Amino acid sequence: MAPAAASDTDELVDVFKALSNPKRLQIMAWLRDPAEHFAPQADPMDEVGVCVKQIQAKAGISQSTASQFMSVLQRAGLVESTRIGPWTYYRRDAQRIAALPDLLKGTL
C-alpha cells in the first residue's frame, strides 16, 4: 500500500484540530440532529442549516467565538455554510464526514 499523501495527512490534522475543542465537538453532535437540539427557525434547518445565533446561544459563547468555531469547522470540511441576508447558517457536510474513516484508514 502506498504511503498517505501529505495532503491527506494535512486534512486529518485539520479535522482532529477542529474536533479537539469540546465545544466544537458538542456543536457537531448537535448539528447531527438539529431539529432535536435547536428551536425552529424561519429558514428550514434541513435545507440551510442552523443559524449561528442559535449555535451561539445554545453553546453559551459570544457571537465572535461562535463564528470563529464555525470557521474552524468549515475549514476542516466538517460543515457547510449558507448565507441568507445578514445571517449565516451551518449544517454538517455529511458526505465529507462519511469519507473520513476511509481517509483515516488510508493514512494510518
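Heads up: the structure comes first, above all this text.
Described in the following lines is the structure provided in the data block. (Residues numbered from 1 in each chain as written. Predicted model: local features only at pLDDT ≥ 70, side-chain atom pairs only at ≥ 80, totals over all residues. Heavy atoms only, no water.)

### A few points about the overall build of the protein
When helices and strands are tallied, the protein shows seven helices and three strands. Starting at the N terminus and walking to the C terminus, you meet the elements of the protein as α-α-α-α-β-α-α-β-β-α. Overall size of the protein, expressed as C-alpha extent along the three principal axes, is 50 × 25 × 25 Å. Computed over 12 positive and 12 negative side-chain charges, the inter-centroid distance for the protein is 8 Å. (Helix = DSSP H or I, 4+ residues; strand = E, 2+ residues; numbered from the N terminus. Lys, Arg positive; Asp, Glu negative; His and termini not counted. Charge placed at Lys NZ, Arg CZ, Asp CG, Glu CD.)

### Points about helix 2 (residues 22–32)
Those residues of helix 2 that fall on the buried side of the exposure criterion are Arg24, Ile27, Met28, Trp30 and Leu31. Burial along helix 2 is one-sided: seen end-on, the buried residues are contained in an arc of 160 degrees. With respect to the buried face of helix 2, the exposed residues turned more than 90 degrees away are Pro22 and Arg32. If you check the start of helix 2, you find a side-chain oxygen 2.8 Å away from the backbone N of lysine 23, and it comes from asparagine 21. (Buried < 20%, exposed > 50% of the residue type's maximum accessible area, 1.4 Å probe, protein only. Arc of directions from axis to C-beta. Polar contact = N/O pair within 3.5 Å; in protein donor to acceptor, adjacent residues only side chain to side chain.)

### A short note on the nonpolar core
One finds Ile27, Leu31, Ile55, Met70, Leu73 and Leu78 to be the most contacted residues of the largest nonpolar core, which totals 26 residues. Looking at this core, the element that brings in the most residues is helix 6 (residues 63–75), giving five residues. When residues no more than four places from it in sequence are discounted, the contact partners of leucine 73 are Ala18, Leu19, Arg24, Ile27, Met28, Leu78 and Val79. (Core = buried A, V, L, I, M, F, W, Y, C linked by side-chain atoms within 4.5 Å. Contact = heavy atoms within 4.5 Å.)

### Notes on the pattern of salt bridges
Per the counting criterion, the structure on display carries three salt bridges. Arginine 96 serves as the salt-bridge partner of glutamate 11, at 3.2 Å between the closest nitrogen and oxygen. Of the two residues, glutamate 11 is situated in helix 1 (residues 6–19) and arginine 96 in helix 7 (residues 94–107); the sequence distance between them amounts to 85 residues. The salt bridge partner of glutamate 80 is arginine 91, with a shortest N-O separation of 3.4 Å. In this pair, glutamate 80 sits in strand 2 (residues 79–84) while arginine 91 sits in strand 3 (residues 87–92), placing the two residues 11 residues apart along the sequence. According to the relative accessible area criterion, arginine 91 is partly exposed, its value standing at 27%. (Salt bridge = Lys/Arg side-chain N within 4 Å of Asp/Glu carboxyl O.)

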